[in-house]
Amino acid sequence: MEKYVLALDQGTTSSRAVLFDRSLNKVAFAQREFPQHFPAPGWVEHNPYDILRSIYSVINEAIVKAGISAEQIDSVGISNQRETVVLWDKNTGRPVCPAIVWQCRRTAEMADSLIKGGYGEMIQAKTGLFPDAYFSGTKIKWILDNITGVRERAEKGEILAGTIDTWLIWNLSGRKAHVTDFTNASRTMLFNIRTLEWDDELLSLLSIPKCILPKVCDTSCVYALTDKSVCGFESPIASAVGDQQAALFGQGCFEEGETKVTYGTGCFLLMNTGKNAVSSKHKLLTTIALSINGQVEYALEGSVFMGGALVKWLRDQLGIIKSAHETDMLAESVETSGGVVVVPAFTGLGAPYWDSYARGTIIGLTRGTSKAHICRAVLEAIAFQVKDELVCMQEDSLIKLPSLKVDGGACVSNLMLQFQADILNTPIYRPENTESSVTGAAFLAGLATGFWQSKDELRSKWRVEKVFTPGMDETERQARYNEWKRAVERSRAWQNP
């Protein structure tokens, strides 16, 4: 009887399910969106039950589409939006309030107070992170401090907490398993990535009782069986992994130095640093890449604030294009950007500049500038920002980038990826399957159950659709990058009070 791995990708705006066979063919796919809630400026929430309903829906739809029986599901793997947190009643299973989403900024002042209090270096040393509202720890503290009665109940052991993987596993297992994995734990700002345990000093600093937190397990292991009365089948839940780490593994970045970029709304970059938890001098994040059989591997992570969102800006705000595909068509109609450089510092600049007062700039305009030149400059801006981050990664890790693997919606742009290869002087590999997060979840689950035997077997199933080879000479490469750097300087400190 043919077996399949059911991979669930629980994202910020939708949930997806994919059934993979042993050859990594997608046998069935289902996707369901769910609402986002914005109850106050800067606040972002999800209803945890909406997330559950979307997951149950896509599981059922994928199984029906595939026409398989419950007995044919070898295992279930989970990839999830990171940092989003849920607290719920241990006995009833009812959430105490909406989930606070990773994008939510309500705890920004709390994070700032940690920095002002002199705790920033200690937090970075223990967690690899910098105090920020982005991470889960301040969100948990906010719920304990602001939802009536929750702190008292938490201290009595009546409340459970977790990131979305934990919430899903607890429910899918029929409320039997309160667990998380190392990748998700490493994004909470509560987990010591060197001692590999919840850190008592950090928990005390944020007044969070340890008893509400889940058990931390390997990324690839059997956490529990799905409850038949809940899911309709009984199979091992065998992986849980943060979405960006899932993409790293799904891209086959198994060795030290292998790196992936996900071109989404922003761009997420992760470099596998092996057993070395590299501390960044450029304020990149040190995070856990995965843990298999008790062996933890680390990664450096950077993010570009404006990636594919730049193309949306061209369409929705400027009205230069009507569809994303039109960006490439216009950009390809001119040989160069005509000296135009776009610096998309709409919300400031990240690494290596870290200038929250920088603002977006279009420079180099002449009477001959057309919307085609601006479209080309936008695609080049995405690539320039990625180079900035990768330069930092290589300096921090002392690892030279051998190649770059790419995924995400914006990686369909051949022009952008060719320019990325040129400006990096590095080959770019675009896989046939660019849905790397869900693939990574499947890989890790299949390894845990023996559905696949080894990383070597998984690597053989990762197939390249196109390779982009550098073709720019060094003089031009350096001149173009210097031009970018000059444009960035013009955008900096624009709103400095």
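Residues numbered from 1 in each chain as written. Predicted model: local features only at pLDDT ≥ 70, side-chain atom pairs only at ≥ 80, totals over all residues. Heavy atoms only, no water.

**Remarks on the pattern of salt bridges**
Between side chains of opposite charge, pairing is possible as soon as their charged atoms come close. Heads up, the rule is: For this analysis, a salt bridge means a side-chain nitrogen from Lys or Arg found within 4 Å of a carboxyl oxygen belonging to Asp or Glu. Starting at the N terminus, helices and strands are each numbered in turn, a helix being any DSSP run of H or I of at least four residues and a strand any DSSP run of E of at least two. Exposure is judged per residue with a 1.4 Å probe applied to protein chains only, and the accessible area is read against the type maximum: over 50% gives exposed, under 20% gives buried, and values in between give partly exposed.
Throughout the structure, instances matching the rule amount to 31 salt bridges. As a salt-bridge pair, arginine 480 and glutamate 483 come within 3.3 Å of each other at their nearest N and O atoms. Here the residue arginine 480 and the residue glutamate 483 both occupy positions in helix H17 (residues 474–491), the gap between them amounting to three residues, near one helical turn. Overall, glutamate 483 belongs to the partly exposed group, its relative accessible area being 22%.

**A short note on the packing of aromatic side chains**
In plain terms, the rule: Note on aromatic contacts: the rings of Phe and Tyr and the six-membered ring of Trp form a pair at centre separations within 6.5 Å, being stacked when their planes are under 30 degrees apart, edge-to-face when over 60 apart, and tilted otherwise. Charge-over-ring placement is defined geometrically: NZ (Lys) or CZ (Arg) within 6 Å of the ring centre, and within 35 degrees of the ring normal.
A full pass over the atoms with the stated rule returns 16 aromatic pairs. Look at tyrosine 134 and phenylalanine 135: their rings are 4.9 Å apart centre to centre, the planes differ by 40°, and that puts the pair in the tilted class. Owing to a relative accessible area of 16%, tyrosine 134 belongs among the buried residues under this scheme. We classify phenylalanine 135 as buried; its relative accessible area is 2%. Consider the rings of phenylalanine 182 and phenylalanine 191, whose centres lie 5.9 Å apart with planes at 65°: the pair is edge-to-face. Each of the two residues, phenylalanine 182 as well as phenylalanine 191, counts as buried. Here the aromatic residues Phe249, Phe254, Phe443, Phe451 and Trp452 are joined through ring pairs into a cluster of three or more. Directly above the aromatic system of tryptophan 142 lies the positively charged group of arginine 106, at a separation of 4.6 Å from the ring centroid.

**Quick look at the pairing of strand E21 (residues 404–407)**
Where we set the bar: In this description, strands pair whenever DSSP reports at least two bridges between them. A right-handed crossover is one whose linking path, passing over the helix from the first strand to the second, runs clockwise when the strands point away from the viewer.
Of the two faces of E21, the one lined by Leu404 and Val406 and the one lined by Lys405 and Asp407 are each fully buried. In the sheet, strand E15 (residues 259–263) pairs with E21 via three bridges, with the strands oriented parallel. Residue pairing for E21: lysine 260 is matched across the bridge by lysine 405. When E21 meets strand E22 (residues 428–431), the two strands line up parallel, connected through two bridges. Looking across to E22, one finds that leucine 404 is bridged to isoleucine 428. In this fold, E21 hands off to helix H14 (residues 414–424), which returns the chain to E22; that crossover is right-handed.

**Things to note about unusual backbone geometry**
Backbone geometry at leucine 196 places phi at a positive 60°, although glycine is not the residue there. Relative to the helices and strands, leucine 196 is located in the loop between strand E10 (191–192) and strand E11 (197–198). With a phi angle near 55°, alanine 493 is a residue other than glycine that sits in the positive phi range. Along the chain, the position of alanine 493 falls in the segment after H17.

**Notes on the pairing of strand E2 (residues 14–20)**
Most of E2 sits out of view: seven of its seven residues are buried. Across six bridges, the pairing between strand E1 (residues 4–10) and E2 is antiparallel. Among the inter-strand pairings, aspartate 9 is bridged to a residue of E2, identified as arginine 16. Connecting E1 to the antiparallel partner E2 that follows it, the hairpin turn spans three residues. Bridge count for E2 against strand E3 (residues 26–33) is seven bridges, and the pairing is antiparallel.

**Let's talk about the nonpolar core**
This is how the line gets drawn: Residues belong to one nonpolar core when they are buried, are Ala, Val, Leu, Ile, Met, Phe, Trp, Tyr or Cys, and are joined through side-chain atoms within 4.5 Å. The contact criterion used throughout is that any non-hydrogen atoms of two residues lie within 4.5 Å.
Membership of the largest hydrophobic core comes to 63 residues, with the highest contact counts inside it found for Tyr263 and Trp484. A total of 14 residues in this core trace back to one element, the largest contributor, which is helix H13 (residues 371–397). Residues contacting tyrosine 263, with those up to four places away along its chain left out, are Ile382, Val386, Leu404, Val406, Asp407, Gly408, Gly409, Ala410, Cys411, Met416, Leu417 and Gln420. In terms of nonpolar packing, the next biggest core, distinct from the first, is built from 43 residues, Val44, Tyr134, Trp198 and Ile208 among them.

**Observations regarding the packing of helix H12 (residues 324–332) against H13**
The condition that has to hold: Axes, fitted as lines to C-alpha atoms, cover a helix only where it is in contact. Angles between the N-to-C directions of the axes lie from 0 to 180 degrees. In what follows, roughly perpendicular refers to angles from 65 to 115 degrees, roughly parallel to angles under 35, roughly antiparallel to angles over 145, and oblique to any angle outside these ranges. For any pair of crossing helices, the crossing counts as left-handed if the nearer helix is rotated counterclockwise from the farther one by less than a right angle, and right-handed if it is rotated clockwise. Throughout this entry, Asp, Glu, Lys and Arg are counted as charged residues, while Ala, Val, Leu, Ile, Met, Phe, Trp, Tyr, Cys and Pro are counted as nonpolar. The remaining residues, Gly among them, count as polar.
At a closest axis distance of 8 Å, the pairing of H12 and H13 adopts a crossing angle of 110°. One finds that H12 runs roughly perpendicular with respect to H13. Crossing of H12 over H13 shows left-handed handedness. Only Lys371, Ala372, Cys375, Arg376 and Leu379 of H13 make contact with H12, whose side of the interface consists of Thr327, Asp328, Leu330, Ala331 and Glu332. Each residue belonging to the contact of H12 with H13 can be placed in one class, and the counts come to five nonpolar, one polar and four charged.

**Description of the environment of isoleucine 55**
Here isoleucine 55 is to be found in helix H1 (residues 48–66). When its relative accessible area of 0% is taken as the criterion, isoleucine 55 is described as buried. Residues isoleucine 55 and serine 14, 41 residues apart in the sequence, show an inter-C-alpha distance of 9.0 Å.

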